[in-house]
Amino acid sequence: MLRRVRQSLRQVLFLMARRPDLLCGAIVLSVLLVLALMLTCSRAKNVVAAARPPVRFFSAEAPIIDLYLGQLDQVERLRSVAEVSLIFFYAPWCAHSMAARQEVQQVAKKLAKQVQFVAVNCWYSQGKCRRQNRLYHYPIIHLFYRRFGPIEYKGPFVALYVESFILRVITPLTYLPSRATLEEFLSNHEPRVVGFFQFNSSPQPPGYITYLSSALQALKRDFRGVVRFGVVTNKQVAEAISLKEDESVYLHRILNSSLIFPRLERNFTSEAICSWVFEHYQTVLKWLQPPGTKSRLLEQELTKGPALLLFLPYNPLGSKPDPILHQIADIAVRYHSCENNDHSGSDGRSHLLCCQSVLLPESRTSVCEVCLRSSGQSRSSSSVRCSFPSTARGGDVLQPHLRHCCLHRLPAPVSTESASSLDCSNFLSSYSPFSQYSACCRPVEPQLNESQAKEGPDMQRLTPPPLSVPPSSVTQQRGDGITGLRCQTNRTLRFYLLDVALNWPLAVRLGATGNRTAALHQEAGNPGDGSSHRSFAAIVNLKDEVHYVLHRSPAATLTESLEAFIRNFSAPYSLLQRHLVGEENRKGGEEEARRPRPLITELTTSSFLPSVMDLQKDVLLIYYTQWCGFCSVLNHIIIHLARLLQENSTITVARVNVARNDLPWEFMVDHVPSILLFPRYRKHMSVKFPDDLPITLPNLLHFVLQHSGSAHDADKPVASSVKADGSGAAAVLRAEFLALQREVQTLHHARERLSQQLAQLWRDNRRLTFETLILESQNAELQRERQSLEEQHQEKSRLLGKAVRRLQELADTSENLLNENTLLRILLRAVRDRTEEQEQEEEERKEPEQKRSHMAS
């Protein structure tokens, strides 16, 4: 192929050398072809329509400068002439920008005299904003306070929140002229920072600007402004919080001792002050604001441990403190207060108070605790442990003491406050100067479910508590039972607040009832205590995959209900019931009752137990989800089976969507679709459809007929004879005993199989160990061979490259020689032609001479 190309090239060069006019013609034709292509392409139509010119995004009446052409250079000019500026970056097509437009206009009309509002279109392709900035979401709000900024707003685009954020930027510091205002400023549960600066020597101390910048830096981290900054200029007021030196910063903490900014260890800069505050501040309540999009904010907080989520109405512009929020803050502070809960005596020794809790048999509403108080050597001693003597651990030994100290007080009603102080008596089990036993009676506060809370206090007395409470060793709660509870239990709660108006869908998913309007505006109870039905509380334990909902009694206040809710969760014998979220049942009247029985009964969380545990019916239950493809394939088989069993009134075919309906743990399955049969009269002996059998109509029909109540009774004549004796309870006990026997035998067989499997695993492990050693040696040998092969490959590659370079040089040399040979041939031919012409001319010149010589001769 290369030879042919070279020959063609030679011929072309030879022709061009012979005919120079061909070269000029080829060049002219190429130029004409290029011009034709350019003219043809220029006539093609543009298939992309030009973008429409941008228009104003905000109305002309709004006090907002709308730079809809993306003039970013004008933003700097406008910002330089205003003290506070708000820059709103938007995209005209963005739905979030459209939703925030009305809110921003509303805020602009109220604060137009204090703040300059500028809107910039950052989507226009010809604008500088689009060219210079890369924004990945819209809208974005930036605030500038004089030369400081930008401060990005990361909260919800609601008028109240935006206005509150702007006001905090306008006034980042609170002036504290007197001790009364200082005490009021520090009395809030939120973190407080106080700076002391004297304005006597200069109109503006040098550190004041730094402190002001640190307050603005804090707003960058938290748009709510949870950490408030105050300033004191009077030395007498500053001495109330032990501030004596000028330019000092004081961090007030509720739980631990307060701190003063260490100027010797850190630089006095705004970033250092802000970082120091956020490293050491303490808060008992944390506001959460899910962004409404895909986010891991809730997951990050819930994975830390059990969380108490409180949905409350919140007004960011409220001048007066919210009474509901004040009550919750008081509960949270008392819950986290552990400094006075060490049970230390007057002698300086620490006392560890351990209690054994036993439910009284005569009264199912009271629990007695026998407590052992042990004295340690010092408060810091870590050797003190909860331990009961061997005679005090059994319930039989404790019963005489409990009966002596508690039972004579049971008939009288006992209040919650007096249960821990007035109704306690002490007794000595044996002489010891460091320990004594005490027994206390207190009522158990059961957690009401939703139906019990609606029935009222009269019906609540009729609801029986659980039959038994397991004895446990717990640390006794002192005082009101909530103070210092955080340090007395392993189930520590974290308090989180959410705005009910913005997060009502989340509250509904957790179990809140009613619509958003009712949650916001409906109030009940005493107006003075701030209790209302607009609040919602739930405890979420992500680790255990459970959550509990607070169902308030109409007669109880918010504080009482919330404290009882927290105490019941923290107790080891917790009476809280796991809240199950499910679809609502369809409510029908007489028309619904007149309808015939459905072919397949759709169960929900509320109707699951009444339907499945019906003793008069065999229930075939199908577990499915809406996203399961295999469940959809089985629909025609289930429908055909239901039609065959429709005439039998004792068999019910039901299904439940486990993706939308929570079920008790004992009724959950590990995969879908799953089929279970709950036979009548024997609900405790439910049967699961075998996984190794294909789900077909004959297999399902045989499964139902084999394990249904009637078929089982026919195959078991022993049960009928027991019933003939008139002992139904004995029959149930006998059946349970036989079932336990079979389970024990199954466990024995499983143990033998497990032993055999463990032996086989040991042998396999030993064999695998030897094989691993062999493979490692082989691998080392292969690595060495691989290394040698790589070296050989590198050497061969080097030689091959050298040969290729030589061949290339030879090819270039041969090509040069061929070109020179061609030129030589051309020159030789030209010389020949010239020689022939010269010879011809000489012959022509000699002919006349010969003729003349001939004529002369």
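Residues numbered from 1 in each chain as written. Predicted model: local features only at pLDDT ≥ 70, side-chain atom pairs only at ≥ 80, totals over all residues. Heavy atoms only, no water.

So, about the state of the cysteines. In total, this model carries 1 disulfide according to the counting rule given. A disulfide bridge connects Cys-122 with Cys-129, and the sulfur atoms are separated by 1.6 Å. The pair formed by Cys-122 and Cys-129 is uniform in burial state, with each residue classed as buried. (Disulfide = S-S within 2.5 Å. Buried < 20%, exposed > 50% of the residue type's maximum accessible area, 1.4 Å probe, protein only.)

Turning our attention to a nonpolar patch on the surface. Nonpolar side chains collect at one region of the surface, where Ile-27, Leu-29, Val-31, Leu-32 and Leu-35 lie side by side and expose about 490 Å² of accessible area between them. Along the chain, Leu-32 falls in helix 2 (residues 20–42). Judged by relative accessible area, which is 51%, Leu-32 ranks as exposed. (Patch = residues over 30% accessible without salt bridge, like charges linked within 9 Å, V, L, I, M, F, W, Y side chains within 5 Å. Areas by Shrake-Rupley, 256 points an atom, 1.4 Å probe, with all protein chains shown as cover. Salt bridge = Lys/Arg side-chain N within 4 Å of Asp/Glu carboxyl O. Helix = DSSP H or I, 4+ residues; strand = E, 2+ residues; numbered from the N terminus.)

On to the confidence of the model for the protein. Looking at the protein as a whole, its pLDDT mean stands at 76, while 71% of the residues score no less than 70. Contacts from residues 340–353, a stretch scored under 50 in pLDDT, to residues over four places away or in other chains number 42 contacts. (pLDDT = per-residue confidence, 0-100. Contact = heavy atoms within 4.5 Å.)

A few words now on the side chain of Gln-105. Mapped onto the elements of the fold, Gln-105 is located in helix 4 (residues 95–111). Owing to a relative accessible area of 10%, Gln-105 belongs among the buried residues under this scheme. Not counting residues within four places of it along the chain, the set of residues in contact with Gln-105 comprises Phe-58, Ser-59, Ala-62 and Ile-64.

At their nearest, the axes of helix 8 (residues 206–221) and helix 10 (residues 270–280) sit 8 Å apart, and the two run at 55° to each other. By the angle between their directions, the pair helix 8 and helix 10 is classed as oblique. With respect to the hand of their crossing, helix 8 and helix 10 are arranged in right-handed fashion. Two secondary-structure elements touch here, helix 8 through Thr-210, Ser-213, Ser-214, Gln-217, Ala-218 and Arg-221 and helix 10 through Ser-270, Glu-271, Ile-273, Cys-274, Ser-275 and Phe-278. Residue composition of the contact of helix 8 with helix 10, grouped by class: 4 nonpolar, 6 polar and 2 charged. (Axes fitted to C-alpha atoms, helices over the stretch in contact; angles between N-to-C directions. Parallel < 35°, antiparallel > 145°, perpendicular 65-115°, else oblique. Left-handed = near helix turned anticlockwise from the far one by under 90°. Nonpolar A, V, L, I, M, F, W, Y, C, P; charged D, E, K, R; others polar.)

Moving on, we come to the environment of Leu-701. On the secondary structure map, Leu-701 appears in helix 23 (residues 697–707). Sequence separation between Leu-701 and Leu-644 is 57 residues, and the spatial gap between their C-alpha atoms is 8.9 Å. When sequence neighbours within four positions are dropped, the list of residues in contact with Leu-701 reads Leu-641, Leu-644 and Leu-645.

Our focus in this paragraph is unusual backbone geometry. In this chain, Gly-149 is followed by Pro-150 through a cis amide linkage whose omega measures 0°. The step from Val-672 to Pro-673 runs through a cis peptide bond, and the omega angle for that step is 0°. Inspection of the secondary structure assignment puts Pro-673 in the loop between strand 23 (651–657) and strand 24 (674–678). Positioned with a positive phi, Tyr-681 is a non-glycine residue whose angle comes to about 65°. Within the secondary structure, Tyr-681 sits in the loop between strand 24 and strand 25 (687–688).

Buried residues of helix 7 (residues 179–186): Leu-182, Phe-185 and Leu-186, and no others. Along the axis of helix 7, the buried positions cluster into a sector of 90°, meaning they face one direction only. Facing away from the buried side of helix 7 by over 90 degrees, the exposed positions are Ala-180, Glu-183 and Glu-184. Here the buried face of helix 7 lies against strand 6 (173–175), strand 7 (192–196), strand 8 (228–232), helix 9 (235–238) and strand 9 (248–252). (Arc of directions from axis to C-beta.)

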